[in-house]
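# Residue-level structure breakdown
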Amino acid sequence: MGKGKETATYEQWVDIFKGILIIFVVVGHGYYQKLNDIIFWFHMPLFFLISGYLFKTPERKTIKIWCIKQVKALLIPCMFFYVGNMLLVLKHASVSDIIKKAIFFVYGGRMLPGVYWFITCLLLSRIIMALIEICVDSKNVRMAIYAGMYILAVIESKLIIPDGIYYYPNVPLYCLIPWNADVCLFAVPFMAIGKYMKERSLEKREVCFTGKSEQVLLGVAVVLFALFSALRVCNLYSVEINMKYAHYSNLILCAVLPLSAGVILIKGAKALANGGGYAATALREIGKASLVIMYTHLLIRDYIMIPIYGEDYSVMLWTFIACIGGILIRNFARKNKFSSMIVLGK
């Protein structure tokens with residue numbers, strides 16, 4: 001998930017980090033409301049951040065070819081898994097129902113259930129960021145654009161997006177933006193932060209969060225995230241970040257909380273990568289299969305866990321099955337070029 005262009009200096013911690021995030025994605029779609037609220041603070045923003053970390057700006061003369069590659073890499077698997085999902089859902093559907101679902105897929109965004117919004121938003125965000133990086137020479141101006149986009153995202157959430165409205169058809173028509181394009185206002189700034197992290201690490205020839213200043217940053221991040229998590233658990237104060245529905249409740253905290261979680265999780269991922277062991281190996285494999293797990297975990301919940309165990313299914317067991325299943329599907333798909341293209345976009 002958040003597939004970027006890999007380089008020769010690709011760090012092992014990146015796959016571990018993605019593995020941790022996709023586990024949180026699965027758990028975040030479970031039935032623990034307070035925990036879900038906390039997970040939603042960071043899991044999707046950090047997927048965009050790591051996509052920015054892996055992002056490599058295309059050359060101006062190759063931008064069209066690059067865009068076509070991005071479309072193929074992201075939309076072909078998205079279409080494959082959506083069709084597979086619809087075959088399960090629409091076993092006895094009428095022709096009109098099938099046409100309706102096809103139109104929903106083309107329109108995308110909040111019209112669709114599940115996680116399909118992420119793919120189109122990621123595609124648009126990559127293209128927008130590429131255009132900004134190519135067309136704007138000044139780094140300060142680029143940073144101002146990214147900051148402005150973030151502010152506009154929060155303004156949209158406050159002034160346009162209604163509170164407490166989730167799932168189509170409850171979402172007002174004026175909020176049904178094709179491909180969730182409006183979420184790019186929130187996503188692209190996090191990608192820019194990831195790209196800046198990469199540039200900083202290359203300049204220093206090291207990965208971030210080493211040295212005394214970085215340890216102080218880690219300590220602050222832990223305190224902030226623990227404090228607001230405790231406030232949420234105790235129902236004393238709540239922050240909402242829901243990228244699919246463009247709910248960002250606080251201008252400052254909607255940046256601080258995801259970044260605080262990012263500092264903590266990146267530090268943990270790097271420690272695991274340096275230490276090695278079974279946990280690191282398992283998380284790397286989960287991270288490599290994160291896109292497949294994203295597509296399939298809700299199917300596993302709805303067609304395996306709930307029919308067998310009911311609404312009180314074990315989230316831990318579900319997460320385990322989703323991760324193992326995703327790894328197996330990825331490894332099988334890699335065996336030939338056709339399955340690799342339609343399942344993995346490679």
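The structure displayed is predicted, hence computed values, not measured ones. Numbers given to residues run from 1 along each chain, matching the order in which its sequence is written. Local features in this predicted model are restricted to residues whose pLDDT is 70 or higher, and side-chain atom pairs enter the listing and the counts only when it is 80 or higher, whereas totals over whole chains, interfaces and linings include all residues. Only heavy atoms go into the side-chain values, all of them from the structure, while hydrogens and water stay out.

### Description of the overall build of the protein
In terms of regular secondary structure, the protein is built from 14 helices and 2 strands. Over its C-alpha atoms the protein spans a radius of gyration of 20 Å, differing by no more than 12% from the 20 Å that the globule rule assigns to 346 residues. Note on classification: 1.4 Å probe, protein chains only; a residue is buried when its accessible area is under 20% of the maximum for its type, exposed when over 50%, partly exposed between these limits. Looking at the protein as a whole, 50% of its 346 residues are labelled buried. Two residues form a contact once any of their heavy atoms are found within 4.5 Å. Long-range pairs, those at least 24 residues apart, make up 78% of the contacts in the protein with a sequence separation of at least 6. The accessible surface values rely on the Shrake-Rupley method and a 1.4 Å probe; as for residues, cover is taken only from the protein chains in view. Counting every atom, the protein has about 16,800 Å² of accessible surface; 68% of that belongs to carbon and sulfur. Looking at the protein, you have 36 positive and 20 negative side-chain charges, and the mean spots of the two groups are 7 Å apart. Under the scheme used here, helices are H or I runs from DSSP no shorter than 4 residues and strands are E runs no shorter than 2 residues, and both carry numbers assigned from the N terminus. For the radius of gyration, the atom set is restricted to C-alpha positions; the globular benchmark scales as 2.2 Å times the number of residues to the power 0.38. Charge convention: Lys and Arg are scored as positive, Asp and Glu as negative, and His as well as the terminal groups of each chain are ignored. Charge positions are represented by NZ for Lys, CZ for Arg, CG for Asp and CD for Glu.

### A look at the pattern of salt bridges
Pairing is possible between side chains that carry opposite charge, provided their charged atoms lie close to one another. Salt bridge, as applied in this entry: a Lys or Arg side-chain nitrogen positioned within 4 Å of an Asp or Glu carboxyl oxygen. Tallied over the entire structure, the rule returns 11 salt bridges. With a closest N to O distance of 2.8 Å, arginine 110 and aspartate 182 form a salt bridge. Here aspartate 182 lies in the loop between helix 7 (139-159) and helix 8 (184-204) and arginine 110 lies in the loop between helix 5 (95-107) and helix 6 (116-135), a separation of 72 residues in the sequence. Across the pair, exposure class does not vary: arginine 110 and aspartate 182 are buried alike.

### Focus: the packing of helix 1 (residues 12-28) against helix 10 (residues 253-275)
Where helix 1 meets helix 10, the axes come as close as 8 Å, and the angle between the chain directions of the two elements is 125 degrees. One finds that helix 1 runs oblique with respect to helix 10. The two elements helix 1 and helix 10 meet at a crossing, and its hand is right-handed. Note on element contacts: helix 10 touches helix 1 through Gly262, Leu265, Ile266, Ala269, Lys270, Leu272 and Ala273, opposite Gln12, Trp13, Ile16, Phe17, Ile20, Leu21 and Phe24. Split into classes, the residues belonging to the contact of helix 1 with helix 10 amount to 11 nonpolar, 2 polar and 1 charged. Between N-to-C directions, angles span 0 to 180 degrees; the directions come from axes that are lines fitted to C-alpha atoms, helices contributing only their stretch in contact. By definition in this entry, angles of less than 35 degrees are roughly parallel, angles greater than 145 are roughly antiparallel, angles of 65 to 115 are roughly perpendicular, and the rest are oblique. Should the near helix be turned anticlockwise from the far one by less than a right angle, the crossing is termed left-handed; should it be turned clockwise, right-handed. In the scheme used here, Gly and all other residues not listed as nonpolar or charged are polar, with Ala, Val, Leu, Ile, Met, Phe, Trp, Tyr, Cys and Pro taken as nonpolar and Asp, Glu, Lys and Arg as charged.

### Notes on the nonpolar core
For soluble globular proteins, nonpolar side chains are generally found buried alongside one another. Formed by 106 residues in total, the largest nonpolar core has its most connected members in Phe48 and Tyr248. In terms of residues, this core owes the most to one element, helix 6, which gives 11 residues. Setting aside residues no more than four positions away along its own chain, tyrosine 248 makes contact with Ala153, Val154, Ser157, Lys158, Val183, Phe186, Glu240, Ile241, Asn242, Met243 and Cys254. The criterion is simple. A nonpolar core is a set of buried Ala, Val, Leu, Ile, Met, Phe, Trp, Tyr and Cys residues joined through side-chain atoms within 4.5 Å.

### Some thoughts on the side chain of serine 340
Inspection of the secondary structure puts serine 340 in helix 14 (residues 337-344). For serine 340, a relative accessible area of 11% translates into the label buried.

### With respect to a nonpolar patch on the surface
By definition, no residue in a patch forms a salt bridge, and every one has over 30% relative accessible area; like charges are joined within 9 Å, nonpolar side chains (Val, Leu, Ile, Met, Phe, Trp, Tyr) within 5 Å. Taken together, Leu88, Val89, Tyr303, Ile304, Ile308, Tyr309, Leu317, Phe320, Ile324 and Leu328 make up a surface patch of nonpolar side chains, about 930 Å² in accessible area. Mapped by element, the contributors of at least two residues to the nonpolar patch are helix 4 (63-89), helix 12 (290-309) and helix 13 (315-333).

### As for unusual backbone geometry
At asparagine 180, a position not held by glycine, the phi torsion is positive, near 55 degrees. In the Ramachandran plot, alanine 246 falls in the positive-phi region, its phi being about 55 degrees despite a non-glycine side chain. We classify alanine 246 as buried; its relative accessible area is 0%.

### Quick notes on the packing of aromatic side chains
Classification of ring pairs uses Phe, Tyr and Trp, with its six-membered ring standing for Trp, and accepts pairs whose centres are within 6.5 Å; under 30 degrees between planes counts as stacked, over 60 as edge-to-face, and the remaining range as tilted. Counted according to the given criterion, the structure contains 19 aromatic pairs. An angle of 35 degrees between the planes, with centres 6.0 Å apart, marks the rings of tyrosine 116 and tyrosine 295 as tilted. Within this pair, whereas tyrosine 116 is found in helix 6, its partner tyrosine 295 is found in helix 12, the two being separated by 179 residues in sequence. For the pair tyrosine 116 and tyrosine 295, one class covers both residues: buried.

### Observations concerning the confidence of the model for the protein
Within a predicted model, pLDDT stands for the predictor's per-residue confidence, ranging from 0 to 100. Per-chain confidence: the protein averages 90 in pLDDT, with 93% of residues scoring 70 or above. Every residue in residues 2-9 scores below 50 in pLDDT, and together they form 17 contacts with partners more than four places removed in sequence or on other chains.

### Thoughts on helix 6
The span you would expect from a helix comes to 1.5 Å times its residue count less one. Taking 1.5 Å of rise per residue, 20 residues should cover 28 Å, and helix 6 covers 29 Å from first to last C-alpha, within 8% of that figure. Burial within helix 6 is extensive, with 15 of its 20 residues counted as buried.

### A look at the packing of helix 4 against helix 6
Look at helix 4 against helix 6: their axes get within 9 Å of each other, and the N-to-C directions meet at 175 degrees. The orientation of helix 4 with respect to helix 6, classified from their angle, is roughly antiparallel. The residues of helix 6 that touch helix 4, namely those facing Ile63, Trp66, Cys67, Gln70, Val71, Leu74, Leu75, Cys78, Phe81, Tyr82 and Asn85, are Tyr116, Ile119, Thr120, Leu122, Leu123, Arg126, Ile127, Ala130 and Ile134. In terms of residue class, the contact of helix 4 with helix 6 is built from 16 nonpolar, 3 polar and 1 charged.

### Examining the environment of phenylalanine 105
Among the secondary structure elements, phenylalanine 105 is positioned in helix 5. Taking the C-alpha atoms as reference points, phenylalanine 105 and isoleucine 266, separated by 161 residues in sequence, lie 34 Å from one another. Excluding anything up to four places from it in sequence, phenylalanine 105 contacts Cys78, Met79, Tyr82 and Leu112.

### Structural notes on the environment of alanine 271
Mapped onto the elements, alanine 271 comes out in helix 10. The partly exposed category is assigned to alanine 271, whose relative accessible area is 48%. Between the alpha carbons of alanine 271 and leucine 124 there is a distance of 33 Å; along the sequence they are 147 residues apart.

### With respect to the side chain of arginine 301
Structurally, the position occupied by arginine 301 is in helix 12. Any pair of N or O atoms that falls within 3.5 Å is considered a polar contact. Within protein, one atom must be able to donate a hydrogen and the other to accept it, and sequence-neighbouring residues count only if both atoms are side-chain atoms. Here histidine 29 takes part through its backbone oxygen, which lies 2.9 Å from a polar atom of the side chain of arginine 301. Excluding anything up to four places from it in sequence, arginine 301 contacts His29, Ile306, Pro307, Tyr313 and Trp318.

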